[in-house]
Amino acid sequence: MARSRILSGPVERRRVLGGLTGAAAALGLTACGVSESDGKASNGGSKESSGAGTRSLETDNGTVKVPQKPERVVVLENYDALMLLDLGLVPVGVPDGAANPQLLPEDVYEQLKDVDTIGASGTPNSQAIAALKPDLIIDQFYKEKSAPLRTIAPVAFYDWHTSGAFWNEQIAKLAKAVNRESRLAEKKQEYERRLTEVRTAYRKQIETTTWAPLSGGPNGKFFLGTPLVTVMRDVGLRIGAGLPEKEAGFVPKSYEEMDVLKDCDALIYSVQADGRPTPTTQQLLDHKLWKGVPAVKAGRAFPSRHFVMANYSFAIATVDEIEGMLKKM
């Protein structure tokens, strides 16, 4: 499977996403180091679980002994928190800024707003994590930073860069880590039912139109492709503007290259959960070249609040949005 451009490296991926959703985005920014105790727990030994109440879990950092069904999970990345919510598990610790009412649906924000924080993404505070008494720690980006935390609890590390570039691949791994694969199967079935409903009801619109997702970028650029393109493809939409098959996007284009959108009958641009575009996307929407794009002139440029694609609940909500767009085609 081809990798997304956004995943050509953890730092690059997070920089791109941070530029699109703002410094306060639920995705956070890359940083370095393990703060406070520098990752050294007082017992000095591994807290990897053992005994009858444990199982062996294959991770990208080897085989780890974890509880049969973890209940007190700390996550080092905000995507992980959103995935766990879909699995019916609220983490006991999340990175700073994980709960942002501008960027998250209200129900998600309500679940995360009172969760203890454990430092910024990339700088886990080991003392704060230890105080939460987790039975599992999950990480997808910071192998060197999360490794010392195994003295507090087992660490399940999954490298999003090399072991599955798309959200649905990663949530499957997390479901196995927390032993909630049956819950994941239910959410996936709900998603597939909605896909079938929309494909059936809007078959003609889907078969006869070409689409592209995009968002604003810095310095007179925009980004072709967003994480929701995975859902667009699942619906059956034809993706244009030269975005390669299996490519999730974030292909940088200058405003002068906006002609690439001319083959598209409809466009989807990203907005925050509160419905407002980010400043860079607003600059794109205000630009004269954007206003001259055929799909824009035809009134077929649609906003989507689901820029962050992290779980099946978000994907289902995106299908609902796309259905509303198809009604107007």
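Being a predicted model, the structure only gives us computed values, none of them experimental.

Novice: How should I be thinking about the packing of helix 2 (residues 78–86) against helix 6 (residues 167–177) in this particular structure?
Specialist: To describe two helices that pack against each other, one gives the angle between their axes and the distance between the axes. It is the contact of helix 2 with helix 6, at a shortest axis distance of 10 Å, that shows an interaxial angle of 65°. As the angle between them shows, helix 2 and helix 6 are arranged roughly perpendicular. With respect to the hand of their crossing, helix 2 and helix 6 are arranged in right-handed fashion. Contacts between helix 2 and helix 6 involve D80, M83, L84 and D86 on the former and, on the latter, W167, Q170, I171 and L174. Grouping the amino acids of the contact of helix 2 with helix 6 by side-chain chemistry returns five nonpolar, one polar and two charged.

Novice: Any chance you could explain the nonpolar core here in plain terms?
Specialist: The nonpolar side chains of soluble globular proteins are, as a tendency, buried together. One finds L84, L112, W211, V235, L261, L267 and W290 to be the most contacted residues of the largest nonpolar core, which totals 84 residues. Ranked by residue count, the leading element in this core is helix 13 (residues 312–326), at eight residues. Those residues in contact with L112, other than ones at most four positions away along the chain, are A81, L82, L85, P91, V94, A98, A99 and L104.

Novice: What am I meant to see in the pattern of salt bridges here?
Specialist: A side chain with one charge can pair with a side chain of the opposite charge if their charged atoms come near. Scanning the entire structure with this criterion turns up ten salt bridges. Here E71 and R180 are joined by a salt bridge, their closest N and O atoms 3.3 Å apart. Remark: R180 occurs in the loop between helix 6 and helix 7 (181–201) and E71 occurs in the loop between strand 2 (62–67) and strand 3 (73–75); sequence separation between them is 109 residues. We classify R180 as buried; its relative accessible area is 8%. The partner of K262 in a salt bridge is D259, with the nearest N and O atoms 3.7 Å apart. Residues joined by salt bridges that share partners form a network here, namely R194, E197, D320 and E323.

Novice: It is not clear to me how helix 6 should be interpreted in this structure. Could you clarify?
Specialist: Quick reminder: α-helices carry 3.6 residues per turn. Residues three or four places apart thus point the same way. All buried positions along helix 6 are accounted for by W167, Q170, I171, L174, A175 and A177. Buried residues of helix 6, seen end-on, are gathered within an arc of 155° and therefore sit on one face of the element.

Novice: What am I meant to see in the pairing of strand 1 (residues 54–59) here?
Specialist: Consecutive residues of a regular strand have side chains that alternate between opposite faces of the sheet. Two strands pair when backbone bridges link them, and strand 1 and strand 2 are joined in this way by six bridges, in the antiparallel orientation. Counted as the bridge partner of E58 is T63 from strand 2. From the end of strand 1 to the start of strand 2, which pair antiparallel, there are two residues.

Novice: Explain unusual backbone geometry here, please?
Specialist: Most peptide bonds take the trans form, and the phi angle of most residues other than glycine is negative. Even without being a glycine, N179 presents a positive backbone phi close to 60°. A relative accessible area of 34% places N179 in the partly exposed class. Although it is not a glycine, N219 sits at a positive phi angle of roughly 55°. Relative to the elements of secondary structure, N219 occurs in the loop between strand 8 (210–216) and strand 9 (221–224).

Analysis parameters
Residues numbered from 1 in each chain as written. Predicted model: local features only at pLDDT ≥ 70, side-chain atom pairs only at ≥ 80, totals over all residues. Heavy atoms only, no water. Axes fitted to C-alpha atoms, helices over the stretch in contact; angles between N-to-C directions. Helix = DSSP H or I, 4+ residues; strand = E, 2+ residues; numbered from the N terminus. Parallel < 35°, antiparallel > 145°, perpendicular 65-115°, else oblique. Left-handed = near helix turned anticlockwise from the far one by under 90°. Contact = heavy atoms within 4.5 Å. Nonpolar A, V, L, I, M, F, W, Y, C, P; charged D, E, K, R; others polar. Core = buried A, V, L, I, M, F, W, Y, C linked by side-chain atoms within 4.5 Å. Buried < 20%, exposed > 50% of the residue type's maximum accessible area, 1.4 Å probe, protein only. Salt bridge = Lys/Arg side-chain N within 4 Å of Asp/Glu carboxyl O. Arc of directions from axis to C-beta. Pairing = 2+ DSSP bridges.

Purely spatial values, then, with no claim about function.
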